[in-house]
Amino acid sequence: MTTATKTLEATLAPPTAHKEEKLRDTLGTYREALADAFDSGADTMGDVSDVVTPFDLPYQAKAALCSYVPKLRKTYNARELDDEHPLRLTNQAAKFDHSDERGHEFTWWVPRPGRGTNFWIPLRINPEQRELWFDILNEDAKAGEIRLQQHRKNWVLHVSVEYPIDEPTADGDTTPIGLDIGETALITACGLKRGTPTRPVLWSGKRAKHLRKEMSTTLQRLQERDAEWRVDERFDYYQNALTDIIEKASREVVDYAATFDNPVIVMEDLTYIRERLDYGKFMNRRLHTWAFARLQRRVEDKATDAGIPVEYVNPAYTSQTCHECDHLGKRASQAEFRCTNEDCHVSTFQADISAAASIAKRVNPWGESVPWKLERNDSPRDGSGSDTAVRPPKPSAPTQMTLGAYES
């Protein structure tokens, strides 16, 4: 028996004005404490504690900051912070209650600084995750970090949970399935058999890209017209449409992976990519609208349920590294990769498929991430080495070597 980790998602039932004010105060104070600790250069838990102790925050938030800020420095090499960080809390804040006599059966005991200031708030859970909520209550599953974020007028709670599963079996040789997540191609999946890209498939990102652009334009116009009463309605419409796309694509890509012998899904570790990378205001704004983490999470959830292992690897330069010889090549366009190694038999290749194959190659047959090292030291210094998840999309040539394309 082994364990798996999944993120539970719930929306807080609309709070009263008084509770809403408390939630905003806590989130705002947390972000101030995070910014002060980061700007101070604190890189140990003790140093962070000295900075955040004076802030009026629950102890679960201060403890989370003490763990999180040093990681930004040492692990993620953050140069600046996203100004929309969620409120992070340790698992000591995972206090929930259930009653089937309530309209919202599950409630959360919201932590606040000071004695007697905590309060209960109802949760709207994802019905597909209902059993795991019960597992937390019954202590059959272990809650991890909690994150609370405000999305317009909605408050969304994410709870990481570790729970027991039957250990995925991978007898004999495994088949790594690399997934490259982007915009023009929502997902590019490619199996790697004996080092050769096998049966690649692309799911189009055209519909999702159109929805995000339309959402931004529509909401801006409604705000300019002071039609706030319609903003939330349209926001929910677009979010639901994007959720449908993510759910369908993640389900189909796991079904695709299951067609291989002993598959292992391999994805880029894009955690905290917004803190690690800075592409200027235009691309940073694009990153905020792109739910790559959400898509990865749903792929991992469905793969876990299907008994397919998931591994994360170093994302550096996957879109510019030749999947055959590991040399840095060139992307003449969004759709075409060119290998510059004269001794390599790969001259040109469909770029997203090459990136997916490179991702697959960075995991070894035992499921342990391979330390990534270029064959030669010619890393670009002008920022052109962005991976495909964050590169500005350009007109693409018709894709080849695909079994099909996903449209929603």
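Residues numbered from 1 in each chain as written. Predicted model: local features only at pLDDT ≥ 70, side-chain atom pairs only at ≥ 80, totals over all residues. Heavy atoms only, no water.

Draft legend 1. Spotlight on the overall build of the protein. A tally of helices and strands in the protein yields ten helices and 16 strands. Classification of the 408 residues of the protein by burial places 49% in the buried group. Pairs at least 24 residues apart make up 70% of the contacts formed inside the protein by residues separated by at least 6 positions. For the protein, the computed accessible surface area is about 20500 Å², with 46% contributed by carbon and sulfur atoms. (Helix = DSSP H or I, 4+ residues; strand = E, 2+ residues; numbered from the N terminus. Buried < 20%, exposed > 50% of the residue type's maximum accessible area, 1.4 Å probe, protein only. Contact = heavy atoms within 4.5 Å. Areas by Shrake-Rupley, 256 points an atom, 1.4 Å probe, with all protein chains shown as cover.)

Draft legend 2. View of the nonpolar core. Counting residues in hydrophobic clusters, the biggest one holds 49 residues, and the most contacted among them are F96, W108 and L123. For this core, the element with the highest residue contribution is helix α1 (residues 17–39), accounting for seven residues. Once you skip the residues sitting within four places of it in the chain, L123 turns out to touch A10, T11, L12, F96, H104, F106, T107, W108, W133 and L157. Counting 35 residues, the second-largest nonpolar core is a separate cluster that includes I181, L222, A227 and V253. (Core = buried A, V, L, I, M, F, W, Y, C linked by side-chain atoms within 4.5 Å.)

Draft legend 3. Representation of the pattern of salt bridges in the model. As enumerated under the stated definition, the model contains 13 salt bridges in all. D305 is paired through a salt bridge with K6; the nearest N and O atoms lie 3.4 Å apart. Of the two residues, D305 sits in helix α9 (residues 292–305) while K6 sits in strand β1 (residues 2–12), which places them 299 residues apart along the sequence. For D305, a relative accessible area of 57% puts it in the exposed group. The closest approach of N and O atoms between R298 and E128, which form a salt bridge, is 3.6 Å. Placement of R298 in helix α9 and of E128 in the loop between β5 (119–125) and α4 (130–137) is noted, with a sequence separation of 170 residues between them. A single network of salt bridges, built from pairs that share partners, joins E128, E247, R298, D301 and K302. (Salt bridge = Lys/Arg side-chain N within 4 Å of Asp/Glu carboxyl O.)

Draft legend 4. Looking closely at unusual backbone geometry. With phi around 65°, E139 is a residue other than glycine that occupies positive phi space. Locating E139 in the fold gives a position in the loop between α4 and β6 (142–151). In this model, R194 sits at a positive phi of 50°, which is unusual for a non-glycine residue. Mapped onto the fold, R194 is located in the loop between β9 (185–193) and β10 (196–204). Judged by relative accessible area, R194 falls into the exposed class, the value being 81%.

Draft legend 5. Region of the structure containing the sheet that holds strand β14 (residues 336–338). Within the open sheet, the three strands sit side by side as β13-β14-β15. Their pairing is antiparallel. The open sheet has two free edges, formed respectively by β13 (330–331) and β15 (348–350), since each of these has just one partner strand. Here two bridges tie β13 to β14, and the two strands are oriented antiparallel to one another. Among the inter-strand pairings, K330 is bridged to a residue of β14, identified as R338. (Pairing = 2+ DSSP bridges.)

Draft legend 6. Geometry of the packing of helix α2 (residues 45–52) against helix α3 (residues 59–74). Where α2 contacts α3, the two axes come as close as 8 Å, and the packing angle between them is 130°. It follows from the interaxial angle that α2 and α3 lie oblique. The element α2 and its partner α3 pack so that their crossing is right-handed. Along its contact with α2, which presents M45, V48, S49 and V52, the element α3 presents K62, L65, C66, S67, V69 and P70. For the contact of α2 with α3, a count of residues per class yields seven nonpolar, two polar and one charged. (Axes fitted to C-alpha atoms, helices over the stretch in contact; angles between N-to-C directions. Parallel < 35°, antiparallel > 145°, perpendicular 65-115°, else oblique. Left-handed = near helix turned anticlockwise from the far one by under 90°. Nonpolar A, V, L, I, M, F, W, Y, C, P; charged D, E, K, R; others polar.)

Draft legend 7. Spotlight on the side chain of T7. When you line up the elements, T7 lands in strand β1. For T7, a relative accessible area of 14% puts it in the buried group. Once you skip the residues sitting within four places of it in the chain, T7 turns out to touch Q129, R147, H158, V159, S160, R297 and D301.

Draft legend 8. Looking closely at the pairing of strand β11 (residues 263–268). Of all six residues in β11, six are buried, a share of seventy percent or more. Burial of the side chains of β11 extends over both faces: P263, I265 and M267 are buried on one face and V264, V266 and E268 on the other. Relative to β11, strand β8 (residues 175–181) runs parallel, the two being bridged by five bridges. When the bridges of β11 are listed, G178 appears paired with V266.

Draft legend 9. Just helix α10 (residues 351–361), in detail. In terms of burial, α10 is largely enclosed, as ten of its eleven residues are buried. Looking at α10, one finds that the buried residues are A351, D352, I353, S354, A355, A356, A357, S358, I359 and A360. For α10, the N-terminal capping position is held by Q350, with its side-chain oxygen 2.9 Å away from the main-chain nitrogen of D352. (Polar contact = N/O pair within 3.5 Å; in protein donor to acceptor, adjacent residues only side chain to side chain.)

Draft legend 10. Region of interest: the packing of aromatic side chains. Under the defined criterion, the tally for this structure stands at seven aromatic pairs. A centroid spacing of 4.8 Å and a plane angle of 45° characterise the contact between W109 and W120, whose relative ring orientation is tilted. Remark: W120 occurs in strand β5 and W109 occurs in strand β4 (residues 106–110); sequence separation between them is eleven residues. Take W120: its relative accessible area is 38%, and that puts it in the partly exposed class. Arranged with centres 5.3 Å apart and planes meeting at 80°, the rings of Y256 and F260 form a pair that is edge-to-face. Taken as a pair, Y256 and F260 share a single burial class, namely buried. Three or more aromatic residues joined by ring pairs form one cluster here, namely F96, F106, W133 and F134. (Phe/Tyr/Trp six-rings, centres within 6.5 Å; stacked < 30°, edge-to-face > 60°.)

Draft legend 11. A look at the confidence of the model for the protein. The predicted model of the protein has a mean per-residue pLDDT of 79, with 80% of residues at 70 or higher. Here residues 274–288 scores under 50 on pLDDT; set against residues more than four positions off or in separate chains, the count is 39 contacts. Of the regions scoring below 50 in pLDDT, residues 365–408 engages in 108 contacts with residues more than four places distant in sequence or in other chains. (pLDDT = per-residue confidence, 0-100.)

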